[in-house]
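Fold and contact review
Listed below, chain by chain, are the residues.
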Amino acid sequence: MPKKKEKPAINLSVDLGGITLKNPITVASGTFGYGAEYEEFIDLSELGAVIVKGTTLEPRDGNPPPRIVETPAGMLNAIGLENPGVEVLINVHLPHLREKKATVIVNIAGNQVEDYARLAAILDRQPGIAGLEVNISCPNVKQGGLQFGTDPIMIDEVVRAVRESTRLPLIVKLSPNVTDIVAMAKAAVNAGANAISLINALLGMAIDVEKRRPALGNIFGGLSGPAIKPIAVRMVYQVAKEVDVPILGMGGIMNYSDALEFILAGATAVSIGTGNFVDPGISRRIIGDLEQYLEKNGIYDIQELIGAAIIR
């Protein structure tokens, strides 16, 4: 009797601009702390990557409370990049993440170009960092508070400064609060980005009708969750058609089907954000469900699906 042919192993690994991920599921900066907070629910080494909380040169207290408001199909947050600063990241959190064998991507932020460059240079020397995610949705204090990510010239300036300061792969996280997301992506790539991360939260607001005041202490906040997914998928699709670097897609992913939408639209990997607050074990579940989907459909390499829905 002929021997039964074994099915090939399913390959979930992807290359995100020079960062090898064992699967395309990462956790979004600011929604997963430094990983230790979620270890009760998931082995950090199982994730494609842990993208740690946004890091600045010096500690930040963040915005005044209230800082989070639930909205229909999502949430508004105005945390204000509260974090203990880069030295605490290096001395306290990175050693633990290395011990847990996590693939670590550090999200960096600043108020002027020099902040980004200094952060990149400091982190370039640290072991256990796979890449940097450059958050350009920050106000440029030298330009009257205008966000870096809303102007191609400023994007070029900050990304070039970071590129010159580190050998690490750079993922540039774009703001969706622009009229032409493709122009912003092209500016980032031309300046040295190895990958693009999108989308960051949309600017929104909620009002407490009993107090008749803004519900957030900062008045405005970032809208995330399922409400923004169609916008995020659209932007990933637009950028994937025009820019030849990998994309890290995010925005309201709550299950494997959501993740697949982003991948089919052109994302090489995805990030789970708001979903972590709803179900702390969501990332592990999505990884398993994604593998089952591939097996059920006779697909043995996730890369076959990247951009498969794009109409050229």
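Below is a short write-up of the structure. This structure is a prediction, so every number in the text was calculated from the model and none was measured. (Residues numbered from 1 in each chain as written. Predicted model: local features only at pLDDT ≥ 70, side-chain atom pairs only at ≥ 80, totals over all residues. Heavy atoms only, no water.)

Let us look at the packing of aromatic side chains. Scanning the entire structure with this criterion turns up 3 aromatic pairs. Ring geometry for phenylalanine 32 versus tyrosine 38: centroids 4.1 Å apart, planes at 15 degrees, classification stacked. The pair formed by phenylalanine 32 and tyrosine 38 is uniform in burial state, with each residue classed as buried. Ring geometry for tyrosine 116 and phenylalanine 148: centres 5.4 Å apart, planes at 85 degrees, overall edge-to-face. Here the residue tyrosine 116 occupies a position in helix α2 (residues 113-124), and phenylalanine 148 occupies one in the loop between β10 (146-147) and α3 (152-165), the gap between them amounting to 32 residues. The pair tyrosine 116 / phenylalanine 148 is uniform in exposure class, with both members buried. (Phe/Tyr/Trp six-rings, centres within 6.5 Å; stacked < 30°, edge-to-face > 60°. Buried < 20%, exposed > 50% of the residue type's maximum accessible area, 1.4 Å probe, protein only. Helix = DSSP H or I, 4+ residues; strand = E, 2+ residues; numbered from the N terminus.)

Before going further, it helps to spend a moment on the environment of glycine 217. With respect to the secondary-structure elements, glycine 217 resides in the loop between β15 (213-214) and β16 (220-224). With a relative accessible area of 34%, glycine 217 lands in the partly exposed category. As a C-alpha pair, glycine 217 and alanine 78 span 139 residues in sequence and 7.9 Å in three-dimensional space. Discounting residues that sit within four places of it in the chain, glycine 217 has contacts with Pro64, Pro65 and Pro66. (Contact = heavy atoms within 4.5 Å.)

To continue, consider the packing of helix α1 (residues 86-99) against α2. Packed helices, taken two at a time, are described by the angle their axes make and the gap between the axes. In contact at an axis separation of 11 Å, α1 and α2 are set at 20 degrees when each is read in the N-to-C sense. In this view, α1 runs roughly parallel relative to α2, as classed from their interaxial angle. In terms of crossing hand, the pair formed by α1 and α2 is right-handed. On the side of α1, the interface is formed by Val86, Leu89 and Ile90, while α2 contributes Leu119, Ile122 and Leu123. For the contact of α1 with α2, a count of residues per class yields 6 nonpolar, no polar and no charged. (Axes fitted to C-alpha atoms, helices over the stretch in contact; angles between N-to-C directions. Parallel < 35°, antiparallel > 145°, perpendicular 65-115°, else oblique. Left-handed = near helix turned anticlockwise from the far one by under 90°. Nonpolar A, V, L, I, M, F, W, Y, C, P; charged D, E, K, R; others polar.)

Bringing the environment of alanine 183 into the picture now. As for its placement among the helices and strands, alanine 183 is situated in helix α4 (residues 181-190). Between the C-alpha atoms of alanine 183 and valine 243, which are 60 residues apart in sequence, the distance is 9.7 Å.

What follows deals with the side chain of threonine 56. Positionally, threonine 56 belongs in the loop between β4 (49-55) and β5 (68-71). We classify threonine 56 as buried; its relative accessible area is 2%. Here glutamate 58 takes part through its backbone oxygen, which lies 2.7 Å from a polar atom of the side chain of threonine 56. Once residues lying within four places of it in the same chain are set aside, the contact partners of threonine 56 are Asn83, Gly85, Val86, Ala109 and Leu119. (Polar contact = N/O pair within 3.5 Å; in protein donor to acceptor, adjacent residues only side chain to side chain.)

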